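A look at the structure
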Amino acid sequence: AVVSTQSTGAHSMGNPYTVNFLTTMPQSWKDKYIKGYVSLAGVFGGASKAIRALVSGETEGMPQIIVDPLTMREFERTAPSIYWLMPPAYLWGNTTLLRANNRNYTAYEYDKLMEDTKISKGSELYALAKEAPLFNANIGVDVYCIHGKDQPTPLAFDYKEDKFPDSQPDTLTGDGDGTVNIRSLELCKQFKRLRDYKTVTGFLATHLEILQRQDVIQYIGDLVTGGKQLEKLTDQTELVF
């Protein structure tokens, strides 16, 4: 996240951090120092791939011959931020997120999942992570949201019965930006002071590639400087007021 006397902006997990920061600050401070908040690819409702990271390891697309997922898993199981990004039950409900050994796991069954996969202190770390909410609709500042969509994004994971949890699963994909699921990204629409909401698709629309888009860079620059080109984010873009 980046904060100045005019604006604040964040990408990815920086958005929940920013939301928590702004929630704790007095309204008088925000009125004085924050002109607006730009949310780029915000993970406001978790991401399914956090579950895969804890269960069998996440290498972010790097080949297994270079990075062993099970080696990464040992590190990822100790990272509080991974637990923080697990899809919350209030948003995901009874959606099946993982299937193994003839059992379906939803966001209501994380404790059982931790037990079945022998994640030491997993339930404790998850309980601590939940103390900081990923999203708060009323943060007291104007909000401008941008995120990608229509990119195949990990949604649920199916493990072979005799290889759970020490193998990579079959992955069911859904809509999102390739990393963050669409229902998580679209929570941005619920901000009380939402001033603009844009989505991008096609080329350079994934979670990281969106940082390279010149139209996005121009849009954010105009917001910060008061430029006059705020409506020119047009490459396969939806605009919702």
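Located above this text is the structure these notes cover.
For clarity, every value in this text was computed on a predicted model and none was experimentally measured. (Residues numbered from 1 in each chain as written. Predicted model: local features only at pLDDT ≥ 70, side-chain atom pairs only at ≥ 80, totals over all residues. Heavy atoms only, no water.)

So, about the layout of surface pockets. Roughly 420 Å³ of internal volume is contained in the largest pocket. Lining the largest pocket are 19 residues, with Ser12, Lys49, Glu60, Leu85 and Thr179 sitting closest to its centre. Elements with a minimum of two residues in the lining of the largest pocket: α3 (49–56), α4 (69–76) and α5 (80–84). For the lining of the largest pocket, a count of residues per class yields 11 nonpolar, four polar and four charged. Every element with two or more residues in the lining of the second largest pocket is listed here: α5, α6 (89–92), α7 (110–116) and α8 (122–129). (1 Å grid on protein atoms, 1.4 Å probe; cavity = no way out; pocket = protein on both sides within 12 Å on 5 of 7 lines; lining within 4 Å. Points joined across faces, edges and corners; volume = space filled by probe spheres on them. Helix = DSSP H or I, 4+ residues; strand = E, 2+ residues; numbered from the N terminus. Nonpolar A, V, L, I, M, F, W, Y, C, P; charged D, E, K, R; others polar.)

Read across the open sheet, the four strands follow the order β5-β4-β7-β8; overall the sheet is mixed. A strand with exactly one partner marks an edge of an open sheet, and here the two such strands are β5 (103–105) and β8 (170–174). For this sheet, the mean angle separating the axes of adjacent strands, direction not counted, is 25°. Note: strand β7 (residues 153–158) against β8, five bridges, orientation antiparallel. Bridge pairing links Phe157 to Thr171 in β8. Along the sheet, α3 makes contact with β4 (98–100), β7 and β8, crossing β7 at roughly 45°. (Pairing = 2+ DSSP bridges. Axes fitted to C-alpha atoms, helices over the stretch in contact; angles between N-to-C directions. Contact = heavy atoms within 4.5 Å.)

The next thing to look at is the pattern of salt bridges. Per the counting criterion, the structure on display carries 12 salt bridges. Connected through shared salt-bridge partners, Arg73, Glu74 and Asp166 make up one network. (Salt bridge = Lys/Arg side-chain N within 4 Å of Asp/Glu carboxyl O.)

This part is about a nonpolar patch on the surface. Where nonpolar side chains cluster on the molecular surface, the patch consists of Met62, Ile65 and Ile66 and spans about 370 Å² of accessible area. Tracing the sequence through the fold places Met62 in the loop between α3 and α4. (Patch = residues over 30% accessible without salt bridge, like charges linked within 9 Å, V, L, I, M, F, W, Y side chains within 5 Å. Areas by Shrake-Rupley, 256 points an atom, 1.4 Å probe, with all protein chains shown as cover.)

Let's shift gears to the nonpolar core. Counting 33 residues, the largest nonpolar core has Ile51, Tyr83, Met86, Leu98, Tyr110, Leu113 and Phe164 as the members making the most contacts within it. Of all the elements, α3 adds the most residues to this core, at five residues. Those residues within four positions of Ile51 in sequence are excluded, and the remaining contacts are Met86, Pro87, Leu97, Leu98, Tyr110, Leu113 and Phe157. Membership of the second largest hydrophobic core comes to 16 residues, among which are Ala10, Ala137, Cys145 and Phe191. (Core = buried A, V, L, I, M, F, W, Y, C linked by side-chain atoms within 4.5 Å. Buried < 20%, exposed > 50% of the residue type's maximum accessible area, 1.4 Å probe, protein only.)

Take α3 next. For an α-helix the count is 3.6 residues per turn, leaving residues at separations of three or four pointing the same way. Burial analysis of α3 places eight of its eight residues in the buried class, which makes it a mostly covered element. Close packing links the buried residues of α3 with α4, α5, β4, α7, β7 and β8. Remark: Gly57 follows α3 within two positions and exhibits a positive phi of approximately 95°.

The subject of this paragraph is the packing of aromatic side chains. Scanning the entire structure with this criterion turns up nine aromatic pairs. Taken together, a centroid distance of 5.3 Å and an interplanar angle of 45° make the contact between Trp29 and Tyr33 tilted. Of this pair, Trp29 and Tyr33 both sit in helix α2 (residues 27–33), separated by four residues, roughly a single helical turn. Taking relative accessible area as the criterion, Trp29 reaches 22% and is therefore assigned partly exposed. For Tyr33, a relative accessible area of 27% translates into the label partly exposed. The rings of Tyr37, Phe44, Phe135 and Phe191 are connected pair by pair, giving a single aromatic cluster. Across from the ring centre of Trp92, 4.2 Å away, lies the NZ or CZ of Arg183, which sits over that ring. (Phe/Tyr/Trp six-rings, centres within 6.5 Å; stacked < 30°, edge-to-face > 60°. Lys NZ or Arg CZ within 6 Å of the ring centre and 35° of its normal.)

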